[in-house]
Structures are given as structure tokens and as C-alpha cells.
Amino acid sequence: MSARLLLLPGDGIGPEVMAEAERVLECLKTHHGLAVEWSFGLIGGAAIDAHNDPLPAETLEAAQAADATLLGAVGGPKWEAIERALRPERGLLRIRSEMGLYANLRPAMLFSELAAASSLRPELVADLDILIVRELTGGIYFGQPRGIREENGERVGYNTEVYSESEIERIARSAFEAARKRDRRVCSVDKANVLECSELWREVVTRVAADYPDCTLSHMYVDNAAMQLVRAPKQFDVVVTGNLFGDILSDIAAMLTGSIGMLPSASLNARGQGLYEPVHGSAPDIAGQGKANPLATILSLAMLLRHSLDRGDLAERVESAVGSVLASGLRTADLAGDQSKPVSTQAMGDAVVAQLQS
Ligand code: IPM
Ligand code: MG
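1. A few points about the domain arrangement of the chain
Turning to step 1, where the next piece is worked out: Partitioning the chain into structural domains gives domain 1 (1-109 + 262-358) and domain 2 (129-256).
Turning to step 2, where the next piece is worked out: The interface of domain 1 with domain 2 comprises 17 residues on the first partner and 19 residues on the second.
Turning to step 3, where the next piece is worked out: Between domain 1 and domain 2, roughly 1,600 Å² of surface is buried when both sides are summed, and carbon and sulfur atoms account for 63% of that area.
Turning to step 4, where the next piece is worked out: Looking only at domain 1, the three residues that lose the most surface to domain 2 are Y102, R106 and A108, adding up to 40% of its buried area.
Turning to step 5, where the next piece is worked out: On the surface where domain 1 and domain 2 come into contact, there are 5 residue pairs in polar contact (both at pLDDT 80 or more).
Turning to step 6, where the next piece is worked out: Elements represented by at least two residues in the side of domain 1 that touches domain 2 include exactly α4 (88-98) and β4 (103-109).
Turning to step 7, where the next piece is worked out: Ranked by the residues each element gives to the side of domain 1 that touches domain 2, the list is headed by β4, at 7 residues.
Turning to step 8, where the next piece is worked out: Looking at the side of domain 1 that touches domain 2 residue by residue, the classes come out as 10 nonpolar, 4 polar and 3 charged.

See the structure below:
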């Protein structure tokens, strides 16, 4: 039986990077016997333009019926003036929420070939391998009440940071399970010195840790964690944290690896379905110019193969093809620095496909 995938290119550089991931998929199907079918759907600004809805019902239904979904990116200046509920980002937040994709895995791994592209000194990031496990369907992103109201003659904006014990427990379990496949160290990041919500977070994560005696648990306040990530990032193995802190820390972790253009992510639900997307976003400033780095999307496809299709073997092939291409010196503009002449999105895709065929 063929696996069924849904591809959602989205906006900005999304379609360009997705085109290269699709070519990798085609190559896996033709040359490596991967039994897979795929179809396309609309999300974000592209869906607003076609259906006046950033997540049309047919896209959500297709994602729910698929074994896994690969997404490019959403958003752009064209849709920024639209009311909040109809913005492209809402499409992304809704698909995460509607599908219950609570466990967001954001690995930050440094390909050794790219150590010079990091903003930190090479010795601080050599062999960096961190996994950020971000809670994705709760916290202040979704908490009620929220809004902007009138109070004493001025407007007041408010949001709610809220986590239930069950939400904390399941994301903690995701983190410990992931740690078991790595160095078995989990660092839980919170703001328990100030926030009650974090106090509960810390208590529940500590309780869950008792079920994983083979793993070690430490706690860190988020401000310190941000500092430690740029001071001595290799101290971390798995970092587990809430939605907002995870959003911020994962961008920091991404930059340590040289370029946010390299980082994949997986968002998983309790049924084992996943939404896979590059961390980088739609980069409207370079959209349509063939400059975007397709590797984060190709590496997201590798995560899809591993987590949703149980094809860790093919995931490793894709990852090592990416490593070989980087070792051969190919760099898209985000990675090139001043030393080398950048290659196009498509040339990078070509090189990965060529590696996979060899
Ligand atoms: C991310 C992005 C999204 C988020 C935006 C686009 C809504 O920054 O996936 O990290 O904040 O979760
Ligand atoms: Mg983000």
C-alpha cells in the first residue's frame, strides 16, 4: 500500500523549496522503491487568494486523510493588512490545533561543513546536536481570554498563558521518549520564578521524569536558557518547553547552525500523523528569485520519512546526500558568506537528487 502525502507549498519561497523536495520525493519513488503518492493543497496567503480562507476545509480534510503533510511556508506583506482571523499565519495555527499536533520537534544539528557559517566560533558549535521539543497547541498562543478591550479610556491588549497538567505531561513524555534515542538528557525551560503556569509545568515535568529513570532532567529559566544557548550550546541535548518560549529558543538554536535555511521540523499528534515544515518561514524578500535554500524542506521530508513512514533508512540516505552536497562546497546565498559564489535553489535540489541517484 502506498503512503499518501499532502504537499502544501504555501507562500513566498514555499513553492520554490517545495518543488525541490518534490523532486527528491520523485527520486525516492523511482530509484529507491518508496511506495508513495502525493497531492497538493492550498494554505496561507495562497488559500486566502483562492478561497478567502487561510485553511480551507478541503485542505484540512486532505491533511486529516493523509499519512503526513509537508508544508513550505506561509505569510507575506500582501496579506498583512487583513484582519487577524484571516491572516496566513492563522492557517498554520489552525492546522496545528485542529489536527492536535502538539509535539513540535525542532532539531538543530550542525553539518560540520557549515561550522564557519555559524555566528558563533566554530569550536563552540562543532558537532552541535540539540533537539528542541516545543509544545505547539497550547500556552499563550491559544489561551483564553485574549483580545484588545477598552479600559479607562484606553485600549488594553491581553493574552493568557495556560497549561493543563495533561498537556504538560504529554509533551514531557514526548521529550523523554526522544531523549531515549539520544543522549538521555532533558532540560525543561520555564519561567517558574515568576509565572504560576511555569510552576505547574516544572512540577509536572519532574513527576513525569520519575518514569524515565534512565534519563536525567534539569530545569532552566528561559532567560538563562537563551543566554546559555549562545554561550555554550553544546551543554544541551533535549530542551522541552512551552509554545512561546519554544518559538523564540528554536530561532536562536537555528542560527547557531549557520542558517535558519537548514532547519527542519516535525509536528506530531497522538495518532502518529505529522506536519513537517522548514523552520525558516516564507522570506518574501527573496521569493521568486531562486535564491532560497531548499535543504530545510528536504530535511523536513527526511523527518517525515522517519517519523510518519517508518523509513529511517531512506531518511538517513537523504540526510547523508545533503551532507555530501555541502561537503562538495555547494552553498545557497544564506550559507555562502563572502567566500563562495552561491548556487540557485534548483541547483541545490539538482545536487541532492544527483547524490541520491549515485
Ligand atoms: C514558527 C513560526 C510560527 C509560530 C508563526 C508563523 C505563526 O514563527 O513556526 O515558529 O509562531 O509558531
Ligand atoms: Mg517561529
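2. A few points about the packing of aromatic side chains
For any pair of aromatic rings, the description consists of the separation of the ring centres together with the inter-plane angle of the planes.
Turning to step 1, where the next piece is worked out: Taken as a whole and judged by the stated rule, the model has 2 aromatic pairs.
Turning to step 2, where the next piece is worked out: Taking the centre distance of 4.9 Å and the plane angle of 10° together, the rings of F176 and Y212 count as stacked. Of the two residues, F176 sits in helix α6 (residues 165-180) while Y212 sits in the loop between α7 (196-209) and β9 (216-221), which places them 36 residues apart along the sequence. Y212 shares its class with F176; the two are buried.
Turning to step 3, where the next piece is worked out: Cation over ring: R134 sits above Y141, and NZ or CZ is 5.3 Å from the ring centre.
Turning to step 4, where the next piece is worked out: The ring of Y158 has R149 sitting right over it, with the charged end atom 4.4 Å from the ring centre.

3. Some remarks on the site of ligand 1
Turning to step 1, where the next piece is worked out: By nearness alone, every residue bordering ligand 1 is listed as E89, R96, R106, R134, Y141 and D247.
Turning to step 2, where the next piece is worked out: Contact between ligand 1 and R106: an oxygen atom at 2.8 Å from a side-chain N or O atom of the residue.
Turning to step 3, where the next piece is worked out: The separation between an oxygen atom of ligand 1 and a polar side-chain atom of D247 is 2.9 Å.
Turning to step 4, where the next piece is worked out: With the chains in place, 75% of the 320 Å² that ligand 1 exposes on its own is no longer accessible.
Turning to step 5, where the next piece is worked out: Residues belonging to the shell around ligand 1 are distributed by class as follows: 1 nonpolar, no polar and 5 charged.

4. Some remarks on the pairing of strand β5 (residues 129-135)
Turning to step 1, where the next piece is worked out: Across the 7 residues that make up β5, a large majority, 6, are buried.
Turning to step 2, where the next piece is worked out: As judged from the 7 bridges shared by β4 and β5, these two strands associate in the antiparallel manner. By the bridge assignment for β5, L105 is matched with V133.
Turning to step 3, where the next piece is worked out: With 4 bridges connecting them, β5 and strand β10 (residues 238-241) associate as parallel partners. Across the sheet, the residue bridging to V133 is V240, located in β10.

5. Some words on the sheet that holds β10
Turning to step 1, where the next piece is worked out: If you trace the 10 strands from one edge of the open sheet to the other, you get β2-β1-β3-β12-β11-β4-β5-β10-β8-β9, paired in mixed fashion. Of all strands in the sheet, those bounded by a partner on one side alone are β2 (36-40) and β9. Across the sheet, the mean angle separating the axes of adjacent strands is 20° when strand polarity is ignored.
Turning to step 2, where the next piece is worked out: One ladder, built from 4 bridges, connects strand β8 (residues 185-190) with β10; its direction is parallel. In the sheet register, V186 faces β10, and the bridge partner there is V238.
Turning to step 3, where the next piece is worked out: Contacts between α4 and the sheet are confined to β1 (3-10), β3 (68-73), β4, β5 and β12 (274-278), with β12 contributing the most and set at about 150° to the helix.
Turning to step 4, where the next piece is worked out: Along the sheet face, α6 touches β4, β5, β8, β9 and β10 and points at about 165° away from the line of β5.

6. Examining the pairing of β2
Turning to step 1, where the next piece is worked out: Pairing of β1 with β2 involves 5 bridges; the strand directions are parallel. Bridged to L5 within β2 is W38.
Turning to step 2, where the next piece is worked out: In this fold, the crossover linking β1 to β2 by way of helix α1 (residues 14-32) has right-handed handedness.

7. Looking at the nonpolar core
Turning to step 1, where the next piece is worked out: By size, the foremost hydrophobic cluster in this structure holds 89 residues, and its most contacted members are V24, M262, V322, L326 and V352.
Turning to step 2, where the next piece is worked out: If you tally residues by element for this core, the top one is helix α10 (residues 295-307), at 8 residues.
Turning to step 3, where the next piece is worked out: Built from parts of two domains, this core gets at least three residues from each of domain 1 (1-109 + 262-358) and domain 2 (129-256).
Turning to step 4, where the next piece is worked out: Residues within four places of M262 in sequence aside, it is in contact with F111, L114, N293, L295, A296, L299, V322, L326 and L335.
Turning to step 5, where the next piece is worked out: Within the second largest apolar cluster, 14 residues are counted, among which are L6, L55, V74 and L101.

8. As for the packing of α1 against helix α13 (residues 345-357)
Any two packed helices are characterised by how steeply their axes cross, that is the angle between the axes, and by the distance between the axes.
Turning to step 1, where the next piece is worked out: Packing of α1 against α13 leaves a shortest axis separation of 9 Å and a crossing angle of 15°. With respect to each other, α1 and α13 are oriented roughly parallel. Relative to α13, the crossing made by α1 is right-handed. Contact with α1, carried on its side by E16, E20, R23, V24, C27, L28, H31 and H32, involves T345, Q346, G349, D350, V352, V353, L356 and Q357 of α13 and no other residues of that element.
Turning to step 2, where the next piece is worked out: The residue inventory of the contact of α1 with α13, partitioned by class, reads 6 nonpolar, 6 polar and 4 charged.

The rules behind the values
Residues numbered from 1 in each chain as written. Chains lettered and ligands numbered in written order. Predicted model: local features only at pLDDT ≥ 70, side-chain atom pairs only at ≥ 80, totals over all residues. Heavy atoms only, no water. Domains from an automatic or database assignment. Contact = heavy atoms within 4.5 Å. Buried area = accessible area lost by both parts, 1.4 Å probe. Polar contact = N/O pair within 3.5 Å; in protein donor to acceptor, adjacent residues only side chain to side chain. Helix = DSSP H or I, 4+ residues; strand = E, 2+ residues; numbered from the N terminus. Nonpolar A, V, L, I, M, F, W, Y, C, P; charged D, E, K, R; others polar. Phe/Tyr/Trp six-rings, centres within 6.5 Å; stacked < 30°, edge-to-face > 60°. Buried < 20%, exposed > 50% of the residue type's maximum accessible area, 1.4 Å probe, protein only. Lys NZ or Arg CZ within 6 Å of the ring centre and 35° of its normal. Near = heavy atom within 4 Å. Areas by Shrake-Rupley, 256 points an atom, 1.4 Å probe, with all protein chains shown as cover. Pairing = 2+ DSSP bridges. Axes fitted to C-alpha atoms, helices over the stretch in contact; angles between N-to-C directions. Right-handed = clockwise from strand over helix to strand, strands pointing away. Core = buried A, V, L, I, M, F, W, Y, C linked by side-chain atoms within 4.5 Å. Parallel < 35°, antiparallel > 145°, perpendicular 65-115°, else oblique. Left-handed = near helix turned anticlockwise from the far one by under 90°.

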